[in-house]
Amino acid sequence: MSVPMIEIRGLRKRFGAHEVLCGVDLEIDASEVVCLIGPSGSGKSTLLRCVNFLESYDAGEVRIAGRLIGYEKGPDEIRRPMAARHLREMRREIGMVFQHFNLWPHMSALRNVAEPLRRVRGLAHAEADERAMAMLTRVGLADKAHAYPSRLSGGQQQRVAIARALAMQPNVMLFDEPTSALDPELVGEVLEAIKSLAAEGMTMLIVTHEMGFAAHVAKRIAFIDEGRIIDDGPPRRVLHESPEPRVRQFFQTYHDRNSF
Amino acid sequence: MSLDVLIHYAPSLIGGFGVTVLCWSLGGALGIALGFVIALMFRLRIAPLSWTLRVFVEVFRGTPFLVQLFLLYAGGPYVGLRLSATAAGVIGLGVYSSAYFAEIFRAGFAAVPVGQIEAAMSVGMAPRDTLLRVTLPAALIAATPPIVNMLVVLSKETVVLSIITVPELMYQMQTMAAETFTAFDSIFAMAAFYWLLVEATSRLGRRLEARVTAFLQEEARPA
């Protein structure tokens, strides 16, 4: 049996008195696409951010390709925070795309993509630029390579952010509501870019509210509510025939609001 | 107002203006450098260090520059610190303004959206590269307008140096006024010099600002 690409076991996280994640279990195999859906405040973004340890967790485990992230066990079997160098090593292999793109505004699109290649992967200037250009071409933005983020639409900025993450050649991609900050007309271009990644066999965990996209692209939908995954299965079943009343109610509201 | 009086005193006024510009630029440079170091040390988040720096900033922002300068120049020799008037003036301006510049840089760092730093973390960028490539450029861009503003304020604080006999513009002007009983002529002459300095500073400042925020308007030139 092969090791899952992402393995989450009994994950718990609290902010002060409020427990955001109350024992989450989730496994994602290599080349699997899983969409994480749930109401706001359910803990879905926090869960995603625990996967690359942007958010620390209190109990449980997150493993990437079998390796625990964020903590290390010494010879005495006691868990302590991971050495910063080891954490960086692991994060290089995990791409992340944020809701608000988080491009560096003082760098052109090309520099945004090339800078991590130079500083983290240690590529030479020309080589980094070449790979960055190839990545921008792939997301259809070769002609915008020298534009600063402020001159790009939201959809273009998000595609640059995807190119930046992909250029690092990660094993896993995490998407945190990648289309929530976009005008409806710009959503499609970003979803297309993510779809083409799925077709190439990228392992992805995607927090989204795009149900149609989830239905088409995801192999599984995991539904999270109040810090627990209450349903996890093929999209068709979770979207239409969930045994959980809370899940059925959520999608019913969604259907009602979107019928016109 | 007599033109020949002005012409007669022109060399000393111009010389005084030179000393003013010198003290201001050296003091400002010292203040920016010190303030930057202080702001960086705040970021280390070492409690006793932060606490000490906070006291330093509050003391130098909370007391009049005149008092600080007088204590440095007149009180310095009592603790073995013997400085020429001009050196005391430059150091005084530098230390005084460093308290303000430290706060400007601190605010600049605070203005960098956390998402930009998270983006650097998520690709595995080391803290040093994150600081040099992401945080620092963004912080300096945010800090540029208040830095220029503080330099303008500082240029006018230089008049205080006259009380410790630095031969700057105010000092020369007072000499001229005392010798010729032409209080208004000399004060107008002085205002004109300061206006020139402030105007030049703010023009340069605007150009600098336009330059560092160019990415908000233009496309980058191909490398």
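Residues numbered from 1 in each chain as written. Chains lettered and ligands numbered in written order. Predicted model: local features only at pLDDT ≥ 70, side-chain atom pairs only at ≥ 80, totals over all residues.

Draft legend 1. Just the overall build of chain A, in detail. What chain A contains, in helices and strands, is nine helices and twelve strands. Along the three orthogonal principal directions, the C-alpha set of chain A runs to about 60 × 55 × 40 Å. Counting only residues that meet the buried cut, chain A has 46% of its 260 residues in that class. The long-range fraction of contacts in chain A, counting pairs at least 24 apart against all pairs at least 6 apart in sequence, stands at 63%. (Helix = DSSP H or I, 4+ residues; strand = E, 2+ residues; numbered from the N terminus. Buried ≥ 20, exposed ≤ 12 C-beta atoms within 10 Å, placed from the backbone. Contact = placed C-beta atoms within 7 Å.)

Draft legend 2. Structural context of the confidence of the model for chain A. Summary statistics for chain A give a mean pLDDT of 92 and a share of 99% for residues scoring 70 or more. Per-element confidence in chain A is highest for strand β8 (residues 94–97) of chain A, whose mean pLDDT is 96, and lowest for helix α9 (residues 245–258) of chain A, whose mean pLDDT is 86. (pLDDT = per-residue confidence, 0-100.)

Draft legend 3. The arrangement of the sheet that holds strand β1 (residues 6–15) of chain A in detail. All names here are of chain A. Across the sheet, four strands lie side by side as β2-β1-β4-β5; this open sheet has antiparallel pairing. Each edge of the open sheet is held by one strand with a lone partner, namely β2 (18–28) and β5 (67–68). In terms of strand pairing, strand β4 (residues 59–64) meets β5 through two bridges, oriented antiparallel. Bridge pairing in β5 links R63 to L68. (Pairing = 2+ DSSP bridges.)

Draft legend 4. Focus on the sheet that holds β8(A). All names here are of chain A. Taking strand neighbours across the sheet as the criterion, the six strands line up as β8-β9-β10-β3-β11-β12 in an open arrangement whose pairing is mixed. Strand pairing shows two members of the sheet lacking a second neighbour, β8 and β12 (228–233), which therefore form its edges. Recorded for the sheet is a direction-independent mean angle of 15° between the axes of neighbouring strands. By the bridge criterion, four bridges tie strand β3 (residues 33–37) to strand β10 (residues 203–207) in an arrangement that is parallel. (Axes fitted to C-alpha atoms, helices over the stretch in contact; angles between N-to-C directions.)

Draft legend 5. Fine view of the interface of chain B and chain A. Contacts between the two partners involve 22 residues from chain B, matched on the other side by 24 residues from chain A. At the level of secondary structure, the elements contributing two or more residues to the side of chain B that touches chain A comprise α5 (114–122) and α6 (127–157) of chain B. In the side of chain B that touches chain A, the residues fall into 13 nonpolar, four polar and five charged. (Nonpolar A, V, L, I, M, F, W, Y, C, P; charged D, E, K, R; others polar.)

Draft legend 6. The arrangement of the pairing of β3(A) in detail. Residues and elements named next belong to chain A. The element β3 is largely enclosed, with a buried count of five among its five residues. Side chains V33, C35 and I37 project from β3 onto one buried face, and the interleaved V34 and L36 project onto a second face that is buried too. Looking at chain direction, β3 and strand β11 (residues 220–225) are connected through four bridges and run parallel. Each residue of the ladder has a partner; that of V34, found in β11, is R220.

Draft legend 7. The confidence of the model for chain B, seen in detail. Residues and elements named next belong to chain B. Taken residue by residue, chain B gives an average pLDDT of 88. The fraction at 70 or more is 96%. Mean pLDDT across the elements of chain B ranges from a minimum in helix α7 (residues 169–180), with 84, to a maximum in α5, with 95. If you check the scores for this complex, the pTM reads 0.85 and the ipTM reads 0.92.

Draft legend 8. Fine view of the nonpolar core. Counting residues in hydrophobic clusters, the biggest one holds 132 residues, and the most contacted among them are A:L36, A:V113, A:L136 and A:L205. For A:L136, the residues in contact, after removing those within four places along its chain, are A:A109, A:L110, A:V113, A:L141, A:A142, A:A145 and A:A163. (Core = buried A, V, L, I, M, F, W, Y, C linked by C-beta atoms within 7 Å.)

Draft legend 9. Broad picture of unusual backbone geometry. Residues and elements named next belong to chain A. Unusually for a residue other than glycine, S31 sits at a positive phi of about 70°. Here S31 is to be found in the loop between β2 and β3. The partly exposed category is assigned to S31, around which 13 C-beta atoms lie within 10 Å. Phi is positive for A65, close to 50°, though the residue is something other than glycine. Mapped onto the fold, A65 is located in the loop between β4 and β5. Take A65: there are 17 C-beta atoms within 10 Å of it, and that puts it in the partly exposed class.

Draft legend 10. Layout of the packing of α5(B) against α6(B). Residues and elements named next belong to chain B. Where α5 meets α6, the axes come as close as 10 Å, and the angle between the chain directions of the two elements is 170°. Accordingly, the angle class assigned to the pair α5 and α6 is roughly antiparallel. In this structure, α5 uses Q116, I117 and A120 to contact α6, whose residues at the interface are T130, V134, T135 and A138. The residue inventory of the contact of α5 with α6, partitioned by class, reads four nonpolar, three polar and no charged. (Parallel < 35°, antiparallel > 145°, perpendicular 65-115°, else oblique.)

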